[in-house]
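Observations on the model geometry
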Amino acid sequence: MIKILLTAFEPFGKDVENAAAIVCQQIPSQGEDYQIVKRILPTEFTAGAQALMAAMDEVMPEMVICLGQAGGRKDVTPERVAVNLMDAPIPDNAGFVPDEVEIIPGGPTAYLTNMPIKAVVQQAKKAGYPVAISNSAGLYVCNDIFYTLMNRIAYTPANEATPAIWGDFIHIPYLTEQQGVPEGMPTLPTEQVVDTVMYLIQKFVEYKWSLRL
Ligand code: PCA
């Protein structure tokens, strides 16, 4: 059984709901060969990342998938790169507006996800799911927790008793049924996004099992 920590965020900015939280809530917690523990994180720099670190301490997951809303995108987009920079276009939910501040002073400029997103996105596309790889998670709170996650993974050595932790961030478009979506924004039906995220999780789990054996 692979234990997965699945997170999403509280609504932020002008939005009354967060697509990622809606989708997270609808994903079943039990799969055939995996179990999902869910957490909703505050949409705040530092506090969001601290909540993620505390959840990892508590849950001890082998895979961490963080979901966030990216209004304006058309597809479900697994992220490839997290960068060591906070630069906010709007205040976070605590009113903080960082202006080109490093997340970890002196830390590496960027981390790449250690999950096989290219192979899985190719398979998902072939199967007809609305997915695409993204090469930028932005510089807002989602990138902050993604960078903090990959930094922790980089400092968590794997051995025979402790398999490597896999981490990625997946951005989600606005949902067709979501309240208060701004006019003209692309949306996807909630059910389709839930199915897509479940497909991605299942494929990631299959890869993880195959590498463990
Ligand atoms: N999306 C924001 C932060 C919270 C969320 O769901 C982002 O893309 O940074």
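Residues numbered from 1 in each chain as written. Predicted model: local features only at pLDDT ≥ 70, side-chain atom pairs only at ≥ 80, totals over all residues. Heavy atoms only, no water.

1. So, the pattern of salt bridges
Going through the model one piece at a time under the given rule, you end up with 5 salt bridges. Across the salt bridge formed by aspartate 57 and arginine 152, the nearest N and O atoms sit 2.8 Å from each other. You can see aspartate 57 sitting in helix H2 (residues 47-59) and its partner arginine 152 sitting in helix H4 (residues 141-154), a full 95 residues away along the chain. Judged by relative accessible area, arginine 152 falls into the partly exposed class, the value being 23%. In this structure, lysine 203 engages glutamate 206 in a salt bridge whose closest nitrogen and oxygen atoms are separated by 3.3 Å. (Salt bridge = Lys/Arg side-chain N within 4 Å of Asp/Glu carboxyl O. Helix = DSSP H or I, 4+ residues; strand = E, 2+ residues; numbered from the N terminus. Buried < 20%, exposed > 50% of the residue type's maximum accessible area, 1.4 Å probe, protein only.)

2. Concerning the sheet that holds strand E4 (residues 77-78)
With mixed pairing, the 5 strands of this open sheet are ordered in space as E2-E1-E3-E7-E4. Single-partner strands in this sheet number two, and they are strand E2 (34-41) and E4. The pairing of E4 with strand E7 (residues 166-172) spans 2 bridges and is antiparallel. Bridge pairing links proline 78 to isoleucine 170 in E7. H2 contacts strand E1 (2-9), E2 and strand E3 (63-69) of the sheet and is inclined by roughly 150° relative to E2. (Pairing = 2+ DSSP bridges. Contact = heavy atoms within 4.5 Å. Axes fitted to C-alpha atoms, helices over the stretch in contact; angles between N-to-C directions.)

3. Some words on the side chain of asparagine 84
Its location among the elements puts asparagine 84 in the loop between strand E5 (81-83) and strand E6 (110-112). A relative accessible area of 6% means that asparagine 84 is categorised as buried. A polar contact is formed between the side chain of asparagine 84 and the backbone oxygen of glycine 107, at a distance of 3.4 Å. If near-sequence neighbours (up to four positions away) are discounted, asparagine 84 is found in contact with Val101, Glu102, Ile103, Ile104, Gly107, Pro108, Thr109 and Tyr147. (Polar contact = N/O pair within 3.5 Å; in protein donor to acceptor, adjacent residues only side chain to side chain.)

4. Brief notes about the packing of helix H3 (residues 117-126) against helix H5 (residues 190-212)
It is the contact of H3 with H5, at a shortest axis distance of 10 Å, that shows an interaxial angle of 130°. Overall, the two elements H3 and H5 adopt an arrangement that is oblique. In the crossing of H3 with H5, the sense of the turn from one axis to the other is right-handed. In contact with Ile117, Ala119, Val120, Gln123 and Ala124 of H3, H5 contributes Tyr199, Leu200, Lys203, Phe204 and Tyr207. Split into classes, the residues belonging to the contact of H3 with H5 amount to 8 nonpolar, 1 polar and 1 charged. (Parallel < 35°, antiparallel > 145°, perpendicular 65-115°, else oblique. Left-handed = near helix turned anticlockwise from the far one by under 90°. Nonpolar A, V, L, I, M, F, W, Y, C, P; charged D, E, K, R; others polar.)

5. Focus: the pairing of E3
Along any regular strand the residues' side chains alternate between the sheet's two faces. For E3, the tally of buried residues reaches 7 of 7 residues, placing the bulk of the element in the interior. Sheet topology note: the E1/E3 ladder contains 4 bridges and is parallel. Bridging across to E3, isoleucine 4 finds its partner in methionine 63. Pairing of E3 with E7, which is carried by 7 bridges, proceeds in the parallel orientation. Of the residues in E7, the one forming a bridge with glycine 68 is histidine 171.

6. Thoughts on the nonpolar core
Val23, Ile65, Leu67, Val197 and Ile201 are the most contacted members of the largest nonpolar core, which totals 36 residues. Those elements that provide at least two residues to this core are E1, helix H1 (19-26), E2, E3, H3, E7 and H5. Per-element accounting of this core gives the leading share, 8 residues, to H5. Filtering out sequence-adjacent residues up to four positions away, valine 23 remains in contact with Leu67, Ile172, Leu175, Val193, Val194 and Val197. Judged by nonpolar contacts, the second largest core, of 31 residues, contains Phe9, Met53, Ala55 and Ile165. (Core = buried A, V, L, I, M, F, W, Y, C linked by side-chain atoms within 4.5 Å.)

7. Quick notes on the state of the cysteines
The tally for this structure, following the rule as stated, stands at 0 disulfides. In this structure cysteine 66 is a free cysteine whose sulfur lies 8.8 Å from that of cysteine 142, the closest cysteine sulfur available. When its relative accessible area of 0% is taken as the criterion, cysteine 66 is described as buried. (Disulfide = S-S within 2.5 Å.)

8. Observations concerning H2
The terminal C-alpha atoms of H2, which comprises 13 residues, lie 18 Å apart, in line with the 18 Å expected from a rise of 1.5 Å per residue. Contacts made by the buried residues of H2 are with E1, E2, E3 and H4. (Expected span 1.5 Å × (residues − 1).)

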